Amino acid sequence: MVNAQTGLEGPRDDLTVIDNRTGKTYIVPIKDNTVAAIDFKKIKAPSKPGERKENETERGLRVADKGFLNTAVITSEITYIDGDNGVLRYRGYPIEELALHSNFLEVAYLLIYGSLPSRPNFKVFQREVMTHSIVHVDAEGLFKSFRYDAHPMAILSSAFSALGSFYEEANPSLRGQNLFTKSDPASLANMDKQIYRIIGKATTFAAMAYRVRQGRPFVTPPTGLSYTASFLYQMDHLGQEDYVPSPTLAKALDILFILHADHELNASSTTVLQTGSSLVDPYSCMAAGIASLYGPLHGGANEAVIRMLISIGHPENVPAFLESVKKRERVLSGFGHRVYKTSDPRSFIIRKIADEVFKETGEDELLKTAMVLHDLAMKDEYFTSRKLAPNVDFWSGLIYRAMGFPMDFFPVLFVVPRVVGWLAHWRQMMLQPGGVKIWRPRQVYVGETKRDYVPMEQRVDVETEEAKTRPFAVPHLGQSKRTMLAKFKGKSRL
Ligand SMILES: CC(C)(COP(=O)(O)OP(=O)(O)OC[C@H]1O[C@@H](n2cnc3c(N)ncnc32)[C@H](O)[C@@H]1OP(=O)(O)O)[C@@H](O)C(=O)NCCC(=O)NCCS
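Residues numbered from 1 in each chain as written. Predicted model: local features only at pLDDT ≥ 70, side-chain atom pairs only at ≥ 80, totals over all residues. Heavy atoms only, no water.

The chain is annotated in an unreviewed UniProt entry as Citrate synthase from Tulasnella calospora MUT 4182. Note on the chain: under the UniProt heading Sequence similarities (unreviewed entry), the record states "Belongs to the citrate synthase family." For the chain, the Pathway (unreviewed entry) comment in UniProt is given as "Carbohydrate metabolism." (UniProt positions renumbered as here; feature names shortened; annotations may be inferred.)

Shown next as structure tokens:
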């Protein structure tokens, strides 16, 4: 059969859609196995008698996809995932090969610029990133303004947001909205400068968020060390002479950073693009990405694994725990994935790193429980039939714990490498053909239709109203009994 559109042999690349409301037929093109939602807007019908006006039936069909289960929001050349077969590739290179042969900064270059660097290009990139790790001394005040027990992710997102205010030349609100979309050499160089600053300062900020809570003075980023060795130095150096972080831990962290550098359009990368689509500066985009990653459904899973293992306690308690999972009383954290329906390819690499790290740090006491849990779950019909296998978070928390990082620091160790993925996606969007369109999704409005304002004295307070439709009076922790017994303007508070 000859395709009428392309003139090539083979089936047609389009859909024939018949609207049974009107009897009209529409041809919807398919490109790269994708249909455009905007094509469905052409499908219009008259409103039915009595139909809500808010359905906007006459203005064209809408496409609903709560939670982005099957919506492509961008065309990308960065990362490919085949969840059924456990495949993850950055710019076409399998993650296993990158973990084995590459290093984090080379992978950063690959993700951002599209190919593996030549030696001179890599030297430029490495030098620029490392020299941009130093932060303005004024930034220290921001870190010190947080309470001693502030969550490091809250500190980090604020720090990136504040950093943007240091660089007027990186702010499209001040320098013109096409600052990053022009693709001319000056604009590309300006963009690169912000990229170097963000990757360079990610470790510095992370280390500062760690140290400020311990009352340790901040450390100037050292010279001559790798990206991850410099990070460990900034975290731990206390003035000792010739301090050199453990090469095994620095190497393990480097591989972990490669594995976490990008994962196509997850919640935080999408947030970065959504935020960037208004053409705001890249520092604000990073702050938004950090906020998204902070959530327990995204960056908190490896911490949940550790809490789960602590609660199981000993290997002999694993069968009972698995039974409670099957009864849906518990969740097996670190298993299952929205995209991978087989083992997450990163989990095999992480398992190997874990062995290297434990040789140096000693085994984590939770490791035996984790191994028994893993082995029993992988043999259990409940998990195999649902294609539930370990994801990247099952082992990573154990490694971070063995390295001595506090649990609330785990998501920070996710952010530092992930800024690279965010920047790669942000840069790609800024430079995409046709410019940037603001991301403005649609909604299906099911609320009240038009109604008239009712004066307060005519409103009825219905006691049976659902709790979520009225405000709660909440206890005011700062108020003592004495304050409550006092009178204000002659009136009692009680
Ligand atoms: C990652 C996750 C949110 C993916 O969710 P999802 O794609 O929406 O998958 P579903 O919730 O549709 O799961 C399919 C089935 O497996 C079960 N399931 C999924 N993950 C499970 C888990 N970790 N433990 C026990 N059962 C699980 C679901 O209950 C469901 O069972 P059912 O079909 O009998 O109702 C989910 O697997 C999960 O919560 N995992 C634990 C948290 C975690 O490790 N997150 C890090 C991801 S990198």
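Text resumes after the structure shown.
Student: Looking at this model, I keep getting lost on the pairing of strand S5 (residues 87-90). Mind explaining?
Tutor: Regular strands place their side chains on alternate faces of the sheet. Alignment of strand S4 (residues 79-82) against S5, held across four bridges, turns out to be antiparallel. By the bridge assignment, Thr 79 is partnered in S5 with Tyr 90. In this structure, the hairpin formed by S4 and S5 is closed by a connection of four residues, where Gly 86 is found at a positive phi of approximately 65°. Relative to strand S6 (residues 93-94), S5 runs antiparallel, the two sharing two bridges. Counterpart to Arg 89 in the pairing with S6 is Pro 94. Where S5 folds back on S6, the antiparallel hairpin that results is connected by two residues, among which Arg 91 adopts a positive phi of roughly 50°. (Pairing = 2+ DSSP bridges. Helix = DSSP H or I, 4+ residues; strand = E, 2+ residues; numbered from the N terminus.)

Student: Even after reading the chapter, I still don't get the UniProt feature "active site" (unreviewed entry) in the chain, so can you show me in this structure?
Tutor: Under the feature "active site" (unreviewed entry), the UniProt entry names His 337 and Asp 393. Taken along the chain, the residues just named run across 57 residues; in space they keep tight, none of their C-alpha pairs more than 10.4 Å apart. With respect to the element layout, His 337 can be found in the loop between helix H14 (318-326) and helix H15 (345-361). With relative accessibility at 24%, the residue His 337 sits in the partly exposed group. Look past the residues within four positions of His 337 in its chain and what remains in contact with it is His 263, Arg 346 and Asn 391. (Buried < 20%, exposed > 50% of the residue type's maximum accessible area, 1.4 Å probe, protein only. Contact = heavy atoms within 4.5 Å.)

Student: Would you explain the site of the ligand in this entry?
Tutor: The ligand sits among 16 residues. The nearest are Arg 328, Leu 332, Gly 334, Phe 335 and Asn 391. In this structure, an oxygen atom belonging to the ligand sits 2.5 Å away from a side-chain N or O atom of Arg 328. Of the residues in the shell around the ligand, the class split is seven nonpolar, four polar and five charged. (Near = heavy atom within 4 Å. Polar contact = N/O pair within 3.5 Å; in protein donor to acceptor, adjacent residues only side chain to side chain. Nonpolar A, V, L, I, M, F, W, Y, C, P; charged D, E, K, R; others polar.)

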